[in-house]
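Each chain, letter by letter, is given below.
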Amino acid sequence: MQNKNLDVRKAYLEFFASKGHEVIASAPLVPNDATLLFTNAGMVPFKSIFTGEVPRPTPPIRTSCQTCIRAGGKHNDLDNVGYTARHHTFFEMLGNFSFGEYFKTDAIAYAWEFVTEILKLPKDRLYVTVHENDDEAFKIWEKHIAKERIYRFGDKDNFWAMGDTGPCGPCSEIFYDQGAENFTSDEDYMGGDGDRFLEIWNLVFMQYERSADGTMSPLPKPSIDTGMGLERVSAIMQGKFSNYDSDLFMPYIDAVAKLCGKAYEYESGASYRVISDHIRSVTFLLAQGTTFDKEGRGYVLRRILRRAVRHGYLLGIKEPFMHKLVDVVVAQMGSHYTYLNDKKETIKEQIRLEEERFFATISSGLELFNAELANTKEIFSGEVAFKLYDTYGFPLDLTADMLRDKNLRVDEARFDELMAEQKARAKAAWKGSGDKSAKGDFKELLEEYGENEFIGYESLESKSKILALLDSEYKRTQSLKANERGWVMLDKTPFYAESGGQCGDSGEIVGVAHVFDTQKFHGLNLSFIETDKELKVGDVVSVKVSNERSEIARHHSATHLLHAALRKILGSHVTQAGSSVEATKLRFDFSHPKAVSAEELDKIESFVNNAIANGAAAKTEIMSIDDAKNSGAIALFGEKYDENVRVLSFGDVSKELCGGTHVKNINEIGSFFIVKESGVSAGVRRIEAICSASALNFAKNLRLELDEIKTELKSVEPLTAIAKLKDEIRSLKERVKNAASSQNLDFTSVGATKICVANTKNGDIKTMIDGFKNQHESAAIMLIQVDEGGKISLAAGVKNASIKAGEWVKMVAQILGGNGGGKDDFATAGGKNVAEIENALKAALEFAKEKLA
Ligand code: SER
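Please read all numbers here as calculations on a predicted model, not as lab measurements.

Chemist: Can you help me understand unusual backbone geometry in this one?
Modeler: Peptide bonds are mostly trans, and most non-glycine residues show a negative phi. Cis peptide bonds are those with omega within 30 degrees of zero, and the linkage from threonine 58 to proline 59 qualifies with -10 degrees. Tracing the sequence through the fold places proline 59 in the loop between α2 (47–50) and β2 (61–69).

Chemist: Any chance you could explain the packing of helix α8 (residues 270–287) against helix α10 (residues 326–333) here in plain terms?
Modeler: How two helices sit against one another is set out by the angle between their axes and by the gap between those axes. With their axes 10 Å apart at the nearest point, α8 and α10 run at an angle of 80 degrees to one another. Considering the angle they form, α8 stands roughly perpendicular to α10. Seen from α8, the contacting residues are Ile279, Arg280, Thr283 and Phe284; seen from α10, they are Val326, Val329 and Met333. Its residues assigned to classes, the contact of α8 with α10 shows five nonpolar, one polar and one charged.

Chemist: Help me out: how do you make sense of the sheet that holds strand β33 (residues 792–799) in this one?
Modeler: Strand pairing in a sheet relies on backbone hydrogen bonds. The paired strands run either parallel or antiparallel. Spatial ordering of the open sheet is given by β30-β31-β32-β33-β35-β34, a layout of six strands whose pairing is mixed. The sheet is open, and its two edges are formed by β30 (748–750) and β34 (820–822), each paired on a single side. Within the sheet, the average angular offset between the axes of one strand and its neighbour, ignoring direction, is 15 degrees. Summarising the sheet, β34 and strand β35 (residues 826–831) pair through three bridges and their orientation is antiparallel. Along β35, the bridge assignment pairs glycine 820 with alanine 829.

Chemist: Teacher, can you tell me more about the pairing of strand β19 (residues 513–521) here?
Modeler: The side chains of a regular strand alternate, residue by residue, between the two faces of the sheet. The sheet contact formed by strand β18 (residues 507–509) and β19 spans three bridges and is antiparallel. By the bridge assignment for β19, glycine 507 is matched with valine 515. Here eight bridges tie β19 to strand β20 (residues 524–531), and the two strands are oriented antiparallel to one another. Bridging across to β20, alanine 513 finds its partner in threonine 531. A loop of two residues connects β19 with β20, the two strands running antiparallel in sequence, and histidine 522 in this loop sits at a positive phi of about 50 degrees.

Chemist: How do you make sense of empty space enclosed by the protein when you look at a structure like this?
Modeler: It is a probe the size of a water molecule, rolled over the atoms, that shows where empty space is left. Overall, the coordinates contain two cavities of 30 Å³ or more when judged by the stated rule. There is about 80 Å³ of room inside the largest cavity. Lining the largest cavity are Leu286, Ala287, Gly289, Thr291, Lys343, Thr346, Gln350, Thr575, Gln576, Ala577, Ser591 and Val684. Going through the elements one at a time, α8, α11 (339–375) and β23 (576–581) are the ones with two or more residues in the lining of the largest cavity. Tallying contributions element by element places α11 first for the lining of the largest cavity, with three residues. Of the residues in the lining of the largest cavity, the class split is four nonpolar, seven polar and one charged.

Chemist: Help me understand the site of the ligand in this model?
Modeler: In the region of the ligand, the neighbouring residues are Ala41, Met43, Arg70, Met93, Trp160, Asn202, Val204, Asp225, Thr226 and Gly227. Contact distances for the ligand include 3.0 Å between an oxygen atom and a side-chain N or O atom of asparagine 202. Bound to the protein, the ligand loses 95% of the 230 Å² it would expose on its own. Of all the secondary structure elements, the ones that give two or more residues to the shell around the ligand are β8 (197–210) and β9 (216–229). In terms of residue count, the dominant contributor to the shell around the ligand is β9 (three residues).

Chemist: It is not clear to me how the packing of aromatic side chains should be interpreted in this structure. Could you clarify?
Modeler: Here the distance between the centres and the angle between the planes together describe a pair of aromatic rings. Per the counting criterion, the structure on display carries 44 aromatic pairs. Plain terms: the ring middles of tyrosine 102 and tyrosine 110 are 5.2 Å apart, the flat faces sit at 85 degrees to each other, and that makes the pair edge-to-face. With relative accessibility at 16%, the residue tyrosine 110 sits in the buried group. Judged by centre distance (6.2 Å) and plane angle (65 degrees), the ring pair of tyrosine 127 and tyrosine 151 falls under edge-to-face. Here the residue tyrosine 127 occupies a position in strand β4 (residues 126–131), and tyrosine 151 occupies one in strand β5 (residues 150–153), the gap between them amounting to 24 residues. The exposure class assigned to tyrosine 127 is buried, which follows from its relative accessible area of 14%.

Criteria and thresholds
Residues numbered from 1 in each chain as written. Predicted model: local features only at pLDDT ≥ 70, side-chain atom pairs only at ≥ 80, totals over all residues. Heavy atoms only, no water. Helix = DSSP H or I, 4+ residues; strand = E, 2+ residues; numbered from the N terminus. Axes fitted to C-alpha atoms, helices over the stretch in contact; angles between N-to-C directions. Parallel < 35°, antiparallel > 145°, perpendicular 65-115°, else oblique. Contact = heavy atoms within 4.5 Å. Nonpolar A, V, L, I, M, F, W, Y, C, P; charged D, E, K, R; others polar. Pairing = 2+ DSSP bridges. 1 Å grid on protein atoms, 1.4 Å probe; cavity = no way out; pocket = protein on both sides within 12 Å on 5 of 7 lines; lining within 4 Å. Points joined across faces, edges and corners; volume = space filled by probe spheres on them. Near = heavy atom within 4 Å. Polar contact = N/O pair within 3.5 Å; in protein donor to acceptor, adjacent residues only side chain to side chain. Areas by Shrake-Rupley, 256 points an atom, 1.4 Å probe, with all protein chains shown as cover. Phe/Tyr/Trp six-rings, centres within 6.5 Å; stacked < 30°, edge-to-face > 60°. Buried < 20%, exposed > 50% of the residue type's maximum accessible area, 1.4 Å probe, protein only.

Just geometry here; none of it tells us what the structure is for.
The following block contains the structure:
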C-alpha cells in the first residue's frame with residue numbers, strides 16, 4: 001500500500017537527484033517570457049534550453065517543484081475551480097527534464113520506478129496512455145506494464161504544447177484507478193470524463209517547436225519534460241477522492257468554515273473550495289511582486305481575489321476576510337517557500353485594502369445584477385455586464401460565475417464591443433511618442449539589421465551611420481525634411497533607450513537635429529528627433545548625448561542606494577514595485593504595508609548619505625542569471641532577464657541586476673534628499689527623492705524661502721516670531737468672540753444710559769463689559785458668572801453715568817455672600833451664594849435705576 005505520510009515533494013526531488021538531476025528552485029510565477037501570462041508548467045523556465053536558444057546546462061538533466069498558475073492564456077482553469085475535484089488556479093508541478101540527454105526509455109523507466117517503488121501505488125491500479133502514432137513509447141511501456149493497460153489516444157489527449165507557440169510533442173500519461181466501487185458515472189472509463197481514472201503524471205516527449213504560423217520544426221535534440229501535480233498525488237496517497245480533501249487543503253477549508261460559522265459539506269461546498277484555492281494564488285502572486293491592477297497580470301490577480309470574495313459573500317461573510325487566510329498559506333507553505341514569511345504582513349494589508357475596495361461596491365453591484373437577472377431568460381445583457389465591470393468592479397468571469405448555476409450566459413459579444421469602444425476612446429485621448437504597442441516597420445528593420453548596438457556605457461558621443469529613419473507613424477522613410485519629426489536608428493548609439501525606470505536620453509545630432517527622447521521597440525534602439533536640416537538614410541553624423549545624462553546617472557545610482565537603505569531599515573520584505581529615474585528627480589515604489597514614519601525616513605536618508613560620503617566604485621559584471629541570484633544580487637520577480645545579465649554593485653552597499661547607466665563612484669552623487677513619501681496602492685508606498693544638482697537647488701530654494709520668511713516676519717528667529725503671532729491671533733479671536741457675545745446682551749435705557757445686568761454663562765466678563773462700554777455713549781453694566789466649582793465672579797463697568805462701579809459691586813457682592821470693590825468706572829467682586837443670584841440681579845438693576853433717576 002502507498003505510504004500515507006510520504007512528503008511527496010521531497011521524495012520526488014530526492015529520487016531524481018539520486019538519478020543525477022540537478023535540483024532547481026521554483027522560478028517566478030511571472031515568467032521571463034512574453035508569450036505567457038504566468039508560468040503554467042514546470043518546463044516554462046527551461047523553454048529556451050529546449051529550443052536551443054541557449055546552450056544546454058551541465059548536467060543537462062534537471063528536476064524541480066515549480067509553482068504554477070493556470071488562470072489565463074492557453075491553460076486556464078479559473079472557471080472550473082471549486083466545481084471539480086482537481087482544478088486549481090495555483091498548484092505545484094513536480095517535474096524532471098532532459099535536454100537532449102535521455103529520452104523515452106529512461107523517462108518511462110524513472111516514472112515507473114518512482115510510482116511503484118517510492119509512492120508504492122499498487123500496480124493493479126495503474127494504466128498508461130500513449131499517442132496513437134507512438135509505437136516506440138508503446139513498446140517501452142510493454143516492458144513495465146501489461147499491454148491491456150496501455151491505451152492509445154489522439155492529439156487531444158496525448159499531444160502537449162506549452163502555448164500557441166513554443167516547444168511541444170507527443171505525450172504519455174500515467175493514470176490511477178480510484179476504484180469502481182467509489183464512482184458511478186457513465187464517464188468513468190479510461191479516456192472518459194469521469195473522475196475514477198485519474199491522470200497523475202504527464203511525460204512529454206518534446207520534439208518540436210511550434211511557431212506563430214503553426215509550422216512545427218524539430219528541436220535540436222529530442223528532450224523530456226514531465227509534470228506531476230503535487231496536489232492530486234498527495235490526495236491519492238492520502239486515499240482522498242478530491243484534492244480538496246487532502247491535508248494540503250483541509251486547513252483552508254476549516255478556516256473558511258470558522259469564518260462563516262457553517263460546517264463544510266462536499267456537495268454544497270464549492271465556495272469553500274474556491275476560496276481555499278484562490279487564497280494560495282493571491283498570496284503567491286503578491287509575494288512575488290504582482291499587484292492588483294486594472295489590466296494584465298494584475299487584473300488576473302484582481303479577478304481571482306474578487307471571485308473569492310464573492311464566494312465568501314455567498315457563505316454570508318459580508319466583510320473583508322481573505323486577508324485573514326494568509327496565515328494559513330504561510331503556515332502550510334512558508335517552510336518551503338521561505339519568502340512568504342517576510343512578506344506576510346504586507347500581503348495581508350494589500351489584500352485587505354483590495355477587499356475593502358470591492359466591498360464598497362459589491363452590494364450595489366449585486367442589486368443591479370439581481371434586477372437584470374429577473375429580466376433574463378437565457379442571455380444576460382452585455383450592457384449590464386459591462387456596467388457591472390466598469391462601475392462596480394465585477395470582472396466578466398465573475399458575472400459568468402454568478403450565472404453558472406442558473407444555466408445562463410452573458411452576451412459576451414456585446415460586452416467585448418463595449419470594451420473595445422471604451423479602449424478606443426481612451427486611446428484617442430492619449431497622445432505622445434514612443435507607443436510600445438505601435439505597429440510599425442520594426443520587424444523589417446530587425447530582419448535587415450538586427451538590434452543596433454548601444455555604446456553609451458562608455459561614450460556619450462560618436463560618429464554613427466543612419467541605418468534607418470521612421471516617420472512619426474513608425475513607417476520607414478528614406479529621408480526626413482527640415483523641421484520634420486521622426487525616429488532615427490543609428491548603427492551604434494550612445495543614446496540610452498528608456499528601460500528599467502531610467503528615462504530615455506536626449507541630445508543632438510550635431511548641427512542637424514535635436515534628439516528629444518530614446519525608446520526601445522522590440523529591441524531596436526530608436527531616438528525621436530526633430531530636424532533642422534534634411535537627414536537621409538546612409539548619412540554619417542556626429543551625435544552627442546545631453547549633459548543631463550550625468551545627472552540621470554546620479555539619480556539612478558542613488559535609486560540603488562535608496563533600495564538598499566529601504567531593505568536595511570524597513571526589512572527584506574521591501575520589493576521594488578516601480579521606479580522612475582530622471583535628471584532632476586527619482587521615484588521609487590515598493591511594497592510595504594504602512595506609511596514610512598518620519599524617523600524611518602530620516603534613517604533611510606542618512607544611510608544613503610553615509611554611503612555616498614564613504615564612496616564606493618561601481619563594478620559591473622556580466623554573469624548568468626543563476627550566478628547573479630546566487631551572489632545575492634537583487635533581481636525582481638517578474639522582470640524579464642536574459643540568460644546573461646549585468647550585475648552592478650557599489651562596494652558592499654548595493655548589488656542589483658541593472659542595465660542602466662550609473663556613476664563611476666557613488667561619491668559623485670553629492671547629497672540625497674527625500675522630498676515625499678506617499679501611498680500608491682494597497683501595500684505599495686512611494687518615495688520621491690533628489691540628489692546632486694537638484695539637491696543643491698532644493699537646499700538653495702529652501703534657504704531663499706527662509707530668508708523671505710524672515711524678512712516678512714521682521715525677525716531672525718522666525719519660529720519665535722510665529723509663536724508670538726499665534727498668541728496674538730489666539731487672543732484676538734477670543735476678543736472677537738467676546739465682543740460678539742456682548743452684542744447680544746439685553747439692556748434697558750434710563751435716559752441716555754443703557755443698563756445691562758446679566759448672568760452670563762460663557763465668555764470673559766471683563767472683555768464683554770469693555771465691549772458694551774465701547775458700544776454705548778453712556779453705560780452701566782454688571783455681569784455675573786458662576787464657574788464649575790460654584791464660585792461667583794461679578795464685575796461692573798460704568799461710563800458717563802452717575803453710578804460708582806465700586807459701590808455697586810460691593811452692594812451686590814454682599815447679597816451673594818462675598819466681597820469686592822474697585823474704581824468708579826470698573827470694579828470686580830466675588831461671591832458664593834448661588835441661590836441668591838436672582839435676587840442679586842434684581843437688586844443690582846434697582847440700584848442702578850435709582851442712581852440714575
Ligand atoms: N508540460 C507538461 C504539462 O504541463 C508536463 O510537465 O503537463
